[in-house]
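Given next are the chains, with one letter for each unit.
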Amino acid sequence: MAGHGEEKLLNLTLNVWRQRNRGDAGRFETYKDEARDISTDMSFLEMLDVVNERLIKSGREPIAFDHDCREGICGQCGVVVNGSPHGPRKATTACQLHMRSFQDGDSLTIEPWRASAFPVVKDLMVDRSAFDRIVAAGGYISVRTGNAPEANNIPVPKYDADLSMDAAACIGCGACVAACPNASAMLFVAAKAEHLNLLPQGAPEKDSRVLAMIDQADGEGFGNCTNHGECEAVCPKEISMAFIARLNRDYLKASLKRPRASAAAGGAG
Amino acid sequence: MSVVASSPAAGRRPAPRSRLQRFLTSSIGLKLIMAFSGVFLSLFALGHMLGNLQAYQGAEALDAYGALLHKEPALLWGVRLGLLGLVGMHIFAYLALTRRNNTARPKGYRQRKWRESSYASRSMTLTGPLLLAFIVYHILHLTTGTVHPDYEEGAVYHNLVTGLGGVNGLIYIAAMAMLAFHLWHGVWSMMLTLGLPEGRYGSLGRTVATIFTILVTVGFATVPLAVLTGVLHL
Amino acid sequence: MELKSNVPPGPLETKWTQHKFDMKLINPANKRKYSVIVVGSGLAGASAAASLAELGYQVSCFCYQDSPRRAHSIAAQGGINAAKNYQNDGDSVQRLFYDTIKGGDFRAREANVHRLAEVSVNIIDQCVAQGVPFAREYSGLLANRSFGGAQVSRTFYARGQTGQQLLLGAYQALERQVGLGAVKMYTRHEMQQVVKVEGKARGIVVRNLETGEIESHAADAVILATGGYGTVFYLATYAKGANCTAIWRAYKKGAAFANPCYTQIHPTCIPVTGDHQSKLTLMSESLRNDGRIWVPKARGDKRAPDQIPEDERDYYLERKYPAFGNLSPRDISSRAAKEVCDEGRGVGKTGFGVYLDFADAINRLGVDTIRERYGNLFDMYERITDEDPYKSPMRIYPASHYTMGGLWVDYHLMSTIEGLFVLGEANFSDHGANRLGASALMQGLADGYFVIPYTLGNYFGTVRTFDKVGIDHPAFQEARAEVAERSKRLLGINGDRTADDFHRELGKIMWNYSGMGRSEEGLKKALVELPALKEEFWKGVRVPGTDGEINQSLEKAGRVADLIELGQLLCLDALERRESCGAHFREEYQTPDHEARRDDENFCHVAAWEYTGEDSTPVRHVEPLTFENVHLQTRSYK
């Protein structure tokens, strides 16, 4: 086929982080025989599938890793491959990374996301529930089912809608945290907050949203953003650091305003 | 039974505090303090550099400039205290942010590949303290004369030329190289923190940072260089 | 078993409105006395959990993923239908209703479908208010695109990530309730058993996937929103973790399983490359707005696509279905692709593929417009295949994508187990024998946001007081023991094949005999091979590790065991439905030009299967379908 590289088989050496559970200290293990004859047409996770099948058949425990949709959108997969979250390819999740990105004889070091806010639960799986809690703290618009106005009553300039969508494309995989030298979650928080802040529907809660989300992110133990830019470079959805700048600005504005007296979070159900 | 660890509770959020307290302890608040003090320190550096350039107009001009600065002690001390305050804010933010960053990743990676960060951005925590040490030295050297063997009160040009020869000149030039790293990331980072760049990130902010850094650090470095090469002499 | 649809009386247009008034209400102060369990956190589950919590019920929500935001609704690309008629092109609730009934080949319940079309407009309002960044015109108003099976533009979209954005909207609403303490969210928990007390669903038993602990959760009602069972084909556009366990265990507890043979094969997926393949990736149907589908006219033509001149190409959809052309419904497009490949005219290394060509659209609209519309899909295609679709046509082939069948539910979305409600793809209700594009998102959200909040209240209002049932009730103890026993058994087999290995074999059997084309002979063969596979599985599977920790092999094995059993029911249903309708194509029942031939006299009904025990054949029950508002006709897209 036009432009289609021919399938090749690779023999690889894998150095994989193995850790039984949260409490275990963990260690690297090396797999060589299990990583032979890997087709370049396989995805990275399919390569791990093959290795796991071989491990199981030889009576050993397979490598636990998170994954679900395998089409780059659910955000559940993610491992650090040779020092890069989701591997070397730009704008690509581990499930969509294909083995044609590697050479025969390559040695791959495969590690979990590392951050105190993302404790390892087993092997390459980490607990990212901190992200859910950040959203629960304010990453929403407080609208109850059923009381929405007619959709076209709220015109949204196309530019704003597009920019909001750029932010909303975040899949919550946590690669930004994994890549950040400070293990900061700022790109995630910025994407979520600015997706909503950019829309007229999200404007009324803008101030309380940014304050609450930053409070939560800080409380979870993520580091601080010092504008290294690693997050943006590894983000599989190429979310721009400009959203962090926007978030900073919104945070400053929110901090300068006098808080209103009314109840903060909006009515419970 | 089953109350589950993974069931998110809003528990880890810090307790409500005053607005100021919240600002002073939050990651973005600290960053803003860092950036805000950074803006004024950068502007001070620019002004200081421009002042230094008067050395090229000769001893008279420079000494007169020095005298002008000392004319109103209240103003002078006001500015000095202001600068001290800004440096204090800068250091306070640095300490608070760094302490948190150091605990955010207790276990590091075996292998690491940098894709976008620069040596400048990753060395901020090193260049910062080194610059502080340099500034202390610089004040003891050219402001108070404490460590200057040939210091004469009020003779700015003389102090400069006698103080920046030899190894000292090299130290000053090395410090400016360090300042270049610090400013290059700092100025750009400060703009981002203050929320300035619009649209797609990068180009404008980077360009401003690069021009500013070159201007300030090269401007500064020419003086010791001129002393070392004999362009400036007694 | 009696299948009472509980469709309210009255004219179709006012049934739902009148019924909302007639249903019982629970006083706001009393709502917090009722508890409900929601299993699944996709569009249906998350929207239901959030909406019910907003009303004041005590809600617990469960998902097997590490976050509710991972549910596979997130992968839906193209869009969501709604009868807004913003385009002034003649759309209306009535037309959306009609298109859906016709698209489903007249095998869905009129009243349900009409309700779906009615609430479709509220869904868009709700989602916009939540901050879903739908595509906009320069005026700032909402944009639309067209989708298969419709001649109006009624599909709302957010680039190629509509499912993601809608799910995030529901997820945000859900997390808001979690933050307020109104929903207890349990991630990495997989449902293992429905617990029935005195005939009513009163709780579930789950496995905590992190600790392995088997936990019981009691409530006054249980809602399953656990998605479809398309992974029975192994290769599918589903998530890897997607499974039928929740609905299958409910089926075994007495919930009737309706129309399992209605499985949709999506026409535009990236073709298989090799045995290692773990899943198939969909290329949104929206691509068919601008892409033209073709194969070479000659068999075995192995020339590169740009070497094949225009007059040697067969744009077979445009040729066969001139009115709808490349936007023909999914079942028809998929079968047409299979047909040309079976004739030996397929493209690509394997011969199982057809071209989806954008050259004309790029010439007409320019590459920038195409990039704006489909850029992310083109990039995804390039990442997976290493081919550039801006330069050479995409290769696509059909793949298992959605299941119209599912647990039988009445108009209130309640299954044949009292108090067990089923929402979204997990039920059978709205799509008949074939689902139209952009209708799955619509149904999931309709069920969760706008139907269950009313019908659950009615159920609580009808029962009024529930006996206290604690998790130490014998029914819970028994269920926990059963689940533990099953894990022990799986761990103890210690055979020599992996669960994936069995899953692949299951997929092959299902795809060959019960995929796009089915015959009595093939189905009978499958019904011999599947029980053998099941037996082999329980003798030969190897599950390492223990049940007291994260054990992904154990999770997989449990799911595959259920899928094998479900495969049998699917084939049985396909065998018994002696007609072709929608996605169910029996080769014996076709028109001379190879179109599906329905048999309205004998099969204008829902088939719902009742479980009767491990070794006995399930019983087929029938719910007749009556069409009072549409005229039964042969579907034509010509």
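Residues numbered from 1 in each chain as written. Chains lettered and ligands numbered in written order. Predicted model: local features only at pLDDT ≥ 70, side-chain atom pairs only at ≥ 80, totals over all residues. Heavy atoms only, no water.

I would appreciate a short explanation of the overall build of chain A in the present structure.
Within chain A, the regular secondary structure consists of 8 helices and 9 strands. Seen through its principal axes, chain A has C-alpha atoms that stretch 65 × 50 × 35 Å. Looking at chain A as a whole, 68% of its 269 residues qualify as buried. The long-range share in chain A, meaning contacts at least 24 apart out of those at least 6 apart in sequence, stands at 70%. For chain A, the accessible area works out to roughly 8,100 Å², and carbon and sulfur atoms hold 50% of it. Of the charged side chains in chain A, 30 are positive and 35 negative; the average position of the first set lies 4 Å away from that of the second. (Helix = DSSP H or I, 4+ residues; strand = E, 2+ residues; numbered from the N terminus. Buried < 20%, exposed > 50% of the residue type's maximum accessible area, 1.4 Å probe, protein only. Contact = heavy atoms within 4.5 Å. Areas by Shrake-Rupley, 256 points an atom, 1.4 Å probe, with all protein chains shown as cover. Lys, Arg positive; Asp, Glu negative; His and termini not counted. Charge placed at Lys NZ, Arg CZ, Asp CG, Glu CD.)

How do you make sense of the overall build of chain B when you look at a structure like this?
Of regular secondary structure, chain B possesses 9 helices and 0 strands. When the helices and strands of chain B are read in sequence order from the N terminus, they spell out α-α-α-α-α-α-α-α-α. Whereas a compact globule of 234 residues would reach a radius of gyration of roughly 17 Å, chain B reaches 22 Å, over 25% beyond that. Projected onto the principal axes, the alpha-carbon positions of chain B cover approximately 85 × 40 × 35 Å. Summing over all exposed atoms, chain B offers an accessible surface of approximately 12,600 Å²; the carbon and sulfur share of this is 70%. (Rg over C-alpha atoms; globule rule 2.2 N^0.38 Å.)

Please explain the nonpolar core as it appears in this structure.
General note: in soluble globular proteins, nonpolar side chains tend to be found buried as a group. Counting 247 residues, the largest nonpolar core has F222(A), I80(C), F134(C), L224(C) and F537(C) as its most contacted members. Ranked by residue count, the leading element in this core is helix α16 (residues 552–576) of chain C, at 13 residues. Residues within four places of F134(C) in sequence aside, it is in contact with A161(A), I80(C), I124(C), C127(C), V128(C), L142(C), F156(C), Y157(C), A158(C), T162(C) and L166(C). Grouped together as the second largest cluster of nonpolar side chains are 33 residues, I265(C), V295(C), V354(C) and M516(C) included. (Core = buried A, V, L, I, M, F, W, Y, C linked by side-chain atoms within 4.5 Å.)

Looking at this model, I keep getting lost on empty space enclosed by the protein. Mind explaining?
Sizing a probe to match a water molecule and rolling it over the atoms shows the empty space that remains. Taken as a whole, the second largest cavity spans an internal volume of roughly 320 Å³. Taken together, 25 residues form the lining of the second largest cavity, with H67(A), G241(C), E555(C), K556(C) and R559(C) sitting closest to its centre. Contributing elements (two or more residues each) for the lining of the second largest cavity: α14 (499–514) and α16 of chain C. Broken down by element, the residue count for the lining of the second largest cavity peaks at 6 residues, all from α16(C). (1 Å grid on protein atoms, 1.4 Å probe; cavity = no way out; pocket = protein on both sides within 12 Å on 5 of 7 lines; lining within 4 Å. Points joined across faces, edges and corners; volume = space filled by probe spheres on them.)

Mind showing me how you'd approach the interface of chain C and chain A here?
It is common to give the size of an interface as the accessible area lost on bringing the parts into contact. Counting residues at the interface gives 88 residues for chain C, matched by 88 residues for chain A. Taken over both partners, the interface formed by chain C and chain A buries close to 7,400 Å², and the fraction arising from carbon and sulfur atoms is 49%. Counting the surface chain C buries against chain A, the share from its top three residues, R70(C), R176(C) and R383(C), is 10%. Put simply, E549(C) and K122(A) hold a salt bridge, and the shortest N to O gap is 3.8 Å. (Buried area = accessible area lost by both parts, 1.4 Å probe. Salt bridge = Lys/Arg side-chain N within 4 Å of Asp/Glu carboxyl O.)

Explain the packing of aromatic side chains here, please?
The geometry of an aromatic ring pair comes down to the distance between the two centres and the angle between the two planes. All names here are of chain B. What the rule picks out here adds up to 42 aromatic pairs over all chains. With 5.1 Å between their ring centres and 80° between their planes, F134 and Y172 make a pair best called edge-to-face. With F134 in helix α6 (residues 124–143) and Y172 in helix α8 (residues 166–193), this residue pair connects regions lying 38 residues apart in the sequence. Exposure remark for Y172: the relative accessible area of 6% places this residue in the buried category. (Phe/Tyr/Trp six-rings, centres within 6.5 Å; stacked < 30°, edge-to-face > 60°.)

Got a minute to help me understand unusual backbone geometry in this structure?
Glycine aside, residues mostly have negative phi angles, and peptide bonds mostly take the trans form. One non-glycine residue, N82(A), lies in positive phi territory at about 45°. Mapping N82(A) onto the fold places it in the loop between β5 (80–81) and β6 (84–85). At R159(C), a residue that is not glycine, the phi angle is positive and equals roughly 45°. Within the secondary structure, R159(C) is located in the loop between β4 (155–156) and α6 (162–179). Judged by its relative accessible area of 29%, R159(C) is partly exposed.

Explain the interface of chain B and chain A to me, please; I cannot follow it from the model alone.
Counting residues at the interface gives 49 residues for chain B, matched by 69 residues for chain A. Carbon and sulfur atoms supply 47% of the area buried between chain B and chain A, which totals about 5,100 Å² over both sides. One can count 2 salt bridges joining chain B with chain A. As a salt-bridge pair, R100(B) and D218(A) come within 3.7 Å of each other at their nearest N and O atoms. Between the two partners, chain B and chain A, sit 33 residue pairs in polar contact (both at pLDDT 80 or more). Tallied by class, residues from the side of chain B that touches chain A come to 16 nonpolar, 16 polar and 17 charged. (Polar contact = N/O pair within 3.5 Å; in protein donor to acceptor, adjacent residues only side chain to side chain. Nonpolar A, V, L, I, M, F, W, Y, C, P; charged D, E, K, R; others polar.)

Got a minute to help me understand the side chain of N152(A) in this structure?
Structurally, N152(A) is set in the loop between α2 (129–138) and α3 (158–168). Aside from chain neighbours lying at most four places away, what touches N152(A) is Y86(C), R136(C), L141(C) and L142(C).

I would appreciate a short explanation of the state of the cysteines in the present structure.
What is meant by a disulfide is a covalent connection between two cysteines, made through their sulfur atoms. Applying the stated criterion across every chain yields a total of 0 disulfides over all chains. Cysteine C77(A) shares no disulfide, and the gap to the nearest cysteine sulfur, in C95(A), comes to 3.9 Å. For C77(A), a relative accessible area of 6% translates into the label buried. Counting only cysteine sulfurs, C261(C) is the nearest neighbor of C571(C), a cysteine outside any disulfide, at a range of 9.8 Å. C571(C) gets classed as buried once you look at its relative accessible area, which sits at 0%. (Disulfide = S-S within 2.5 Å.)

Even after reading the chapter, I still don't get the sheet that holds strand β19 (residues 619–624) of chain C, so can you show me in this structure?
Each strand in a sheet pairs with its neighbour through backbone hydrogen bonds, running either in the same direction (parallel) or in the opposite one (antiparallel). Taking strand neighbours across the sheet as the criterion, the 4 strands line up as β16-β10-β18-β19 (chain C) in an open arrangement whose pairing is antiparallel. The two strands at the open ends of the sheet, each matched to only one other strand, are β16 (406–407) and β19 of chain C. (Pairing = 2+ DSSP bridges.)

Sorry if this is basic, but what is going on with the environment of L86(B) here?
Residues and elements named next belong to chain B. Mapped onto the elements of the fold, L86 is located in helix α4 (residues 73–104). We classify L86 as buried; its relative accessible area is 14%. A sequence separation of 88 residues divides L86 from A174, and the C-alpha atoms of the two residues are 24 Å apart. Ignoring any residue separated from it by four or fewer positions in sequence, one finds L86 in contact with S37, F40 and L41.

Can you help me understand the sheet that holds strand β14 (residues 354–357) of chain C in this one?
All names here are of chain C. Taken in spatial order, the 5 strands of this open sheet run β11-β15-β14-β12-β13, and their pairing is antiparallel. Of all strands in the sheet, those bounded by a partner on one side alone are β11 (263–269) and β13 (313–314). The sheet contact formed by β14 and strand β15 (residues 394–403) spans 3 bridges and is antiparallel. In the sheet register, Y355 faces β15, and the bridge partner there is R395.

Quick question: what am I supposed to make of the confidence of the model for chain B here?
Any segment with low pLDDT has predicted coordinates that should not be analysed in fine detail. Residue and element names in this part refer to chain B. When pLDDT is averaged along chain B, the result is 91, and 91% of the positions lie at 70 or above. Within chain B, helix α2 (residues 27–52) carries the highest mean pLDDT (97), whereas helix α1 (residues 19–25) carries the lowest (89). Confidence drops under a pLDDT of 50 for residues 1–11, and excluding neighbours within four residues, the segment shows 23 contacts in the predicted structure. Interface confidence for the predicted complex, given as ipTM, is 0.96, next to a pTM of 0.96. (pLDDT = per-residue confidence, 0-100.)

Please explain the packing of helix α6 (residues 206–220) of chain A against helix α8 (residues 242–256) of chain A as it appears in this structure.
All names here are of chain A. Where α6 meets α8, the axes come as close as 9 Å, and the angle between the chain directions of the two elements is 110°. Put simply, α6 runs roughly perpendicular to α8. Across from K206, D207, V210, L211 and I214 in α6, the residues of α8 making contact are L247, D250, Y251, A254 and S255. A per-class count over the contact of α6 with α8 returns 6 nonpolar, 1 polar and 3 charged. (Axes fitted to C-alpha atoms, helices over the stretch in contact; angles between N-to-C directions. Parallel < 35°, antiparallel > 145°, perpendicular 65-115°, else oblique.)

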